[in-house]
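Structural overview for review
The primary structure of each chain is shown beneath.
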Amino acid sequence: MVRYCRRLAVVALAMATMSIGLTGTTAQAGTGHHGSHHGSSHATGWYVALGDSLAAGYQPNAGDDKTGGYVGAVLAAEKRTARKTKLRNLACSGETSTTLVDGGRCDYVKGNQLDQALAFMRAHRRTTSLVTMTIGANDVTPCLRATDQNACIQERLAVLGANLHTSLAKIHAAAPDARIVVTNYYNPYLALYFTNPALAQQTSGLQMALNSTIATVTAPYGTTVDVASAFQSYDTTVVGGVPTNVSRICTLTWMCSLNDIHANDDGYALIGATVAAALPRARGHRH
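As a starting point, this report considers the structure included with it.

Pairing is possible between side chains of opposite charge, provided their charged atoms come close. On inspection of all chains with the given rule, the structure shows one salt bridge. A salt bridge links Glu78 to Arg179, with the nearest nitrogen and oxygen atoms 2.7 Å apart. Of this pair, Glu78 sits in helix 3 (residues 69–81) while Arg179 sits in strand 5 (residues 179–183), placing them 101 residues apart in sequence.

What follows deals with the pairing of strand 3 (residues 85–89). Of all the five residues making up strand 3, four are buried; the element is thus mostly covered by neighbouring parts of the structure. Relative to strand 3, strand 2 (residues 45–51) runs parallel, the two sharing five bridges. In the strand pairing of strand 3, Ala49 is matched with Asn89. The parallel pair strand 2 and strand 3, bridged by helix 3, forms a crossover whose chirality is right-handed.

With that settled, the discussion passes to the packing of aromatic side chains. Under the criterion given, the structure shown has three aromatic pairs. Centroid distance Trp46 to Phe120: 5.0 Å. Interplanar angle 90 degrees. Geometry classified as edge-to-face. Note that Trp46 is positioned in strand 2 and Phe120 in helix 5 (residues 113–123), a separation of 74 residues in sequence. The residues Trp46 and Phe120 share a single accessibility class, namely buried. Pairing Tyr186 with Phe231 gives two aromatic rings, centres 4.6 Å apart and planes at 10 degrees, and the pair type is stacked. Taken together, the residues Tyr186 in the loop between strand 5 and helix 8 (197–218) and Phe231 in the loop between helix 9 (227–230) and strand 7 (238–239) connect sequence positions 45 residues apart.

Let's shift gears to the layout of surface pockets. Taken as a whole, the largest pocket spans an internal volume of roughly 220 Å³. When residues of the lining of the largest pocket are assigned to their parent elements, the largest contribution, four residues, is made by helix 8. Its residues placed into classes, the lining of the largest pocket shows eight nonpolar, five polar and no charged.

This part covers the pairing of strand 5. Within strand 5, five of the five residues are buried, which leaves it mostly tucked inside the rest of the structure. Going residue by residue along strand 5, you find Arg179, Val181 and Thr183 tucked away on one face and Ile180 and Val182 tucked away on the opposite face as well. Bridging between strand 4 (residues 128–134) and strand 5 involves four bridges; their strand directions are parallel. Note on strand 5: the bridge partner recorded for Thr132 is Val181. One ladder, built from three bridges, connects strand 5 with strand 6 (residues 223–225); its direction is parallel.

Following the criterion strictly, the structure yields three disulfides and no others. Disulfide pairing places Cys92 opposite Cys106 at an S-S distance of 2.1 Å. Between Cys92 and Cys106, the S-S dihedral sits near 85 degrees, and the bridge is therefore right-handed. In this pair, Cys92 is assigned in the loop between strand 3 and helix 4 (97–102) and Cys106 in the loop between helix 4 and helix 5, connecting sequence segments 14 residues apart. Here Cys92 matches Cys106 in class, with each residue buried.

What follows deals with helix 5. Those residues of helix 5 not exposed but buried are Gln113, Leu114, Gln116, Ala117, Leu118, Phe120 and Met121. The opening residue of helix 5, the one whose side-chain oxygen lies 3.2 Å from the backbone nitrogen of Leu114, is Asn112.

What follows concerns unusual backbone geometry. Although it is not a glycine, Asn61 adopts a positive phi angle of roughly 65 degrees. Examined against the element boundaries, Asn61 turns out to sit in the loop between strand 2 and helix 3. Even without being glycine, Asn259 reaches a positive phi, approximately 55 degrees.

The next subject is the packing of helix 5 against helix 7 (residues 149–174). Two elements in contact, helix 5 and helix 7, have axes separated by 9 Å at closest approach and are oriented at 15 degrees. Judged on the interaxial angle alone, helix 7 and helix 5 are roughly parallel. For the crossing formed where helix 5 meets helix 7, the hand is right-handed. Taking contact as the criterion, the partners of Leu114, Leu118, Met121 and Arg122 in helix 5 are, on helix 7, Ser167, Lys170, Ile171 and Ala174. Of the residues contributing to the contact of helix 5 with helix 7, the split by class is five nonpolar, one polar and two charged.

Calculation criteria
Residues numbered from 1 in each chain as written. Predicted model: local features only at pLDDT ≥ 70, side-chain atom pairs only at ≥ 80, totals over all residues. Heavy atoms only, no water. Salt bridge = Lys/Arg side-chain N within 4 Å of Asp/Glu carboxyl O. Helix = DSSP H or I, 4+ residues; strand = E, 2+ residues; numbered from the N terminus. Buried < 20%, exposed > 50% of the residue type's maximum accessible area, 1.4 Å probe, protein only. Pairing = 2+ DSSP bridges. Right-handed = clockwise from strand over helix to strand, strands pointing away. Phe/Tyr/Trp six-rings, centres within 6.5 Å; stacked < 30°, edge-to-face > 60°. 1 Å grid on protein atoms, 1.4 Å probe; cavity = no way out; pocket = protein on both sides within 12 Å on 5 of 7 lines; lining within 4 Å. Points joined across faces, edges and corners; volume = space filled by probe spheres on them. Nonpolar A, V, L, I, M, F, W, Y, C, P; charged D, E, K, R; others polar. Disulfide = S-S within 2.5 Å. Polar contact = N/O pair within 3.5 Å; in protein donor to acceptor, adjacent residues only side chain to side chain. Axes fitted to C-alpha atoms, helices over the stretch in contact; angles between N-to-C directions. Parallel < 35°, antiparallel > 145°, perpendicular 65-115°, else oblique. Left-handed = near helix turned anticlockwise from the far one by under 90°. Contact = heavy atoms within 4.5 Å.

And the structure:
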């Protein structure tokens, strides 16, 4: 615990000065219009990955890893039943639900991540079998610094809900047979427990509101994967003097060692396994 406290001594200050989201970062190694494009037209199924830096597999001092992170684990799971499945990862670090549809974070030929994905899915309408998305944390995290947090959260969740609904509806129209899987979020700011327990508790409330919005909007189109529960985000059982949910954040992300919100190898592996476990029951909305 002493080690954690020393490592987290700057977290409270960082919260006040850093403009980062739960899984966002400034645009790293540009996604561009290239993305991760495995294979060719010989693919018998395409897996399209969309979203922010978690979908891009970002890690500190390493940048994006669009064939790794959780997406790589999901692709491996898909290949166990559909060997020729190929990956198209268009994720953009720092993306919000607004930049997803309007652009401005990464360079895409079509102007934004969503339109780039839609163009790809329309061209592969019969072979796009899976779409995953991780988006929304960067929309709401700035509310932690807002004077009126509740008003900020309500406003930003309304925008997220509208953007996510629009995005999923268009994805479904472009690839109606594809399974659509949206992840919710773990909460790296639980690590504030060591320096500002009250703020840590507030971030837990924000996490629940964000994940509730994601689940509600996703329901008509696909499946929400519960990353929050996989990270034991709401388990406050104290073990060795530290709540379980806090210990899990220290174990599965870089928050307690590098003051970085992103998942480490173990964290990405857990997210990937959680998504993979949901694939057999993920819904493809066929008409």
